[in-house]
Amino acid sequence: MLLVLSVLIVVLCCVLYVSHRRKYRFADAVPSLQPVYPLLGNADIMWKSDTERFETIVKIFSEHDRMVKVWAGPQMLLFTCHPDLVQQILSSSDCLEKPFLYSFAGFERGLFTSKYKLWRSMRKRLNSSFNLRILHGFIPVFVQCARKMVEDLNENPDGTVVSMHKFTSVCTLEMACGTTLGSDITRRAGKEEFVHGLDIAFGEAARRMVSVHLYPNIVYHLTKYHRELVQARATVCGFFNRLVTERRITMDLNCNKKSSVEDLDFDRKPKILIDQLLSISRDGKSFSDTEINDNIYAVITGANDTSGLLIAHACLFLCFYKDIEEKLFAEIMEFMPNEEFEISPESLKQMSYLEKFLKECLRHCPVAPNISRENMAEIEVDGMKVPPGNIFIMNFYALHRRKDIWGPDADKFDPEQFSEERSKNRHPFAYLPFSGGNRICIGWRYAMFSMKVMLIYLVRNFQFETEIRPEQVRYRHDLTMKLPFDHMIKVTKRKLEGSMVTSDILKHPELVPREGRE
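The sections below set out a description of the structure shown in this document.

Parameters at a glance
- Residues numbered from 1 in each chain as written.
- Predicted model: local features only at pLDDT ≥ 70, side-chain atom pairs only at ≥ 80, totals over all residues.
- Heavy atoms only, no water.
- Helix = DSSP H or I, 4+ residues; strand = E, 2+ residues; numbered from the N terminus.
- Contact = heavy atoms within 4.5 Å.
- 1 Å grid on protein atoms, 1.4 Å probe; cavity = no way out; pocket = protein on both sides within 12 Å on 5 of 7 lines; lining within 4 Å.
- Points joined across faces, edges and corners; volume = space filled by probe spheres on them.
- Nonpolar A, V, L, I, M, F, W, Y, C, P; charged D, E, K, R; others polar.
- Expected span 1.5 Å × (residues − 1).
- Buried < 20%, exposed > 50% of the residue type's maximum accessible area, 1.4 Å probe, protein only.
- Pairing = 2+ DSSP bridges.
- Axes fitted to C-alpha atoms, helices over the stretch in contact; angles between N-to-C directions.

### Considering the environment of isoleucine 139
- Its location among the elements puts isoleucine 139 in helix α5 (residues 132–154).
- What isoleucine 139 contacts, discounting residues up to four positions off in sequence, is Ile343, Ser344, Pro345, Leu348 and Phe449.

### Section: the side chain of serine 435
- By the element assignment, serine 435 lies in the loop between α18 (420–423) and α19 (444–461).
- Non-local contacts of serine 435, meaning those with residues more than four positions away in its chain, are made with Leu90, Ile371, Arg373, Phe396 and Ile440.

### Examining empty space enclosed by the protein
- Using the criterion set out here, one finds 4 cavities of 30 Å³ or more in the structure.
- Size it by volume and the second largest cavity reaches roughly 50 Å³.
- If you go around the second largest cavity, the residues you meet are Thr306, Leu309, Leu310, His313, Cys365, Pro366, Val367, Thr480 and Met481.
- Of the residues in the lining of the second largest cavity, the class split is 6 nonpolar, 3 polar and no charged.

### Quick notes on helix α2 (residues 50–63)
- When the terminal C-alpha atoms of α2 are compared, their 20 Å separation across 14 residues agrees well with the 20 Å that a helix rising 1.5 Å per residue should span.
- Taken residue by residue, α2 has Thr51, Arg53, Phe54, Ile57, Val58, Ile60 and Phe61 as its buried positions.
- Where α2 is buried, its residues touch β1 (68–72), β2 (75–80), β4 (370–374), β7 (391–395) and α16 (396–399).

### Things to note about the sheet that holds strand β8 (residues 462–465)
- Within the open sheet, the 3 strands sit side by side as β3-β9-β8. Their pairing is antiparallel. The open sheet terminates on both sides in strands that have one partner only, identified here as β3 (160–163) and β8. Direction aside, the axes of adjacent strands within the sheet are offset by 40 degrees on average.
- One ladder, built from 4 bridges, connects β3 with strand β9 (residues 488–493); its direction is antiparallel. Residue pairing in the sheet places serine 163 in a bridge with methionine 488 of β9.
- Lying over the sheet, helix α6 (residues 164–181) contacts β3, β8 and β9, oriented at roughly 55 degrees with respect to β3.
- Where α19 meets the sheet, it contacts β8 and β9, and its direction lies at approximately 85 degrees from that of β8.

What is shown is where atoms sit, not what they do.
Right, dumping it as structure tokens:
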């Protein structure tokens with residue numbers, strides 16, 4: 001009996017091995033990351049610290065010019081940061097699926113993690129909530145929240161060292177709630193708890209993505225990580241569910257007051273995200289409660305965790321490079337010498353150095369360092385025919401540091417990387433701070449507007465210093481770009497000299513407020 005059982009096990013193992021070899025035979029020519037352990041694959045990545053894991057993953061991409069096989073247990077993943085291959089993958093209409101890894105982030109009925117068929121219909125309906133007309137109307141909200149952030153920073157004694165991300169994350173949360181939910185939360189309690197819960201939720205999802213032993217739900221649900229995740233999600237969802245309920249009540253009251261003509265006009269106007277989610281489309285379809293909650297989570301957490309982090313990183317870069325800080329300050333003073341000068345889409349467009357500085361920040365700290373796609377049909381990548389159901393992992397952090405694209409000083413922080421002369425012949429998929437292709441981040445223009453407004457108010461009002469040195473900056477493995485320590489920055493109020501303001505106005509009389517002209 002024991003002999004028969006042993007034979008059956010051997011036969012089963014042989015069948016599984018042959019099936020596995022057939023499934024991945026197409027990639028035999030692709031080099032494989034070593035060492036590879038039976039059943040566990042490249043398991044050594046799992047046992048590293050978050051910081052070591054981030055650096056190990058970047059090293060894998062950097063040391064393999066085109067593509068490398070990485071094994072998550074028996075599952076093969078194809079890693080690449082080559083712009084030609086990234087373009088082939090992200091531009092393919094047959095490679096728009098999100099693989100199972102995204103399910104670990106939860107909220108699978110939202111734009112961020114949803115499967116292709118659901119994503120396609122939702123994206124079509126929600127695109128209008130992020131058009132330029134809507135975004136231009138958000139600028140006053142961005143300004144209000146940025147001013148509130150300045151007020152909060154001014155409550156500290158001059159020269160206080162603060163954790164900058166605590167201020168920028170609350171500001172972006174207020175912006176996101178004001179523009180997607182129509183809710184003013186500048187004085188609402190619970191914002192700090194929301195941000196902390198979000199950090200835990202994202203971190204736990206990232207941990208599970210690289211931990212093969214945590215893939216099965218039956219295993220993961222027994223761990224402390226799952227308990228921490230459930231508690232964090234409850235905090236995050238409880239916060240914005242209250243806001244959604246309030247918006248529902250407001251919409252119901254407004255609908256009862258409108259005449260039929262006004263209703264027709266309201267339906268034709270572009271809607272903010274929550275109004276779009278709560279409304280019924282012209283074909284009679286409506287979003288389910290789960291889809292509403294999951295999309296609110298995706299947009300608010302995306303706006304908060306990415307933009308807030310990026311501006312905190314930007315403040316560190318300003319500490320490191322004082323010449324860049326002063327050049328940026330000079331441009332801001334040129335277009336906004338005092339608070340009476342209104343920020344408009346036109347003035348933001350004219351601030352060319354602000355644009356270059358922000359793009360360089362995003363080159364060094366892309367919104368999401370890693371993304372993945374699964375092909376839904378056979379596609380050709382790098383001359384290799386890839387059967388459907390395979391997973392591609394792309395690393396934008398490594399892509400943005402390729403010396404064959406960005407030059408021998410690719411690691412150097414230099415806003416002139418985005419000068420017209422140096423940008424004109426660059427590969428179209430060499431710079432992807434918000435991903436690329438059809439599944440590019442829906443809110444990338446929103447993020448650029450909001451971050452520019454935040455930088456204008458921060459740089460105009462403060463100077464920044466830090467004891468952190470550039471060589472100490474490291475990142476930890478997460479869904480977004482996070483440091484393993486706080487952004488501890490000394491914030492000093494700027495002393496705006498009247499002569500500087502006067503000279504700028506003399507150079508640009510068209511900037512003088514209308515009531516101040518003769």
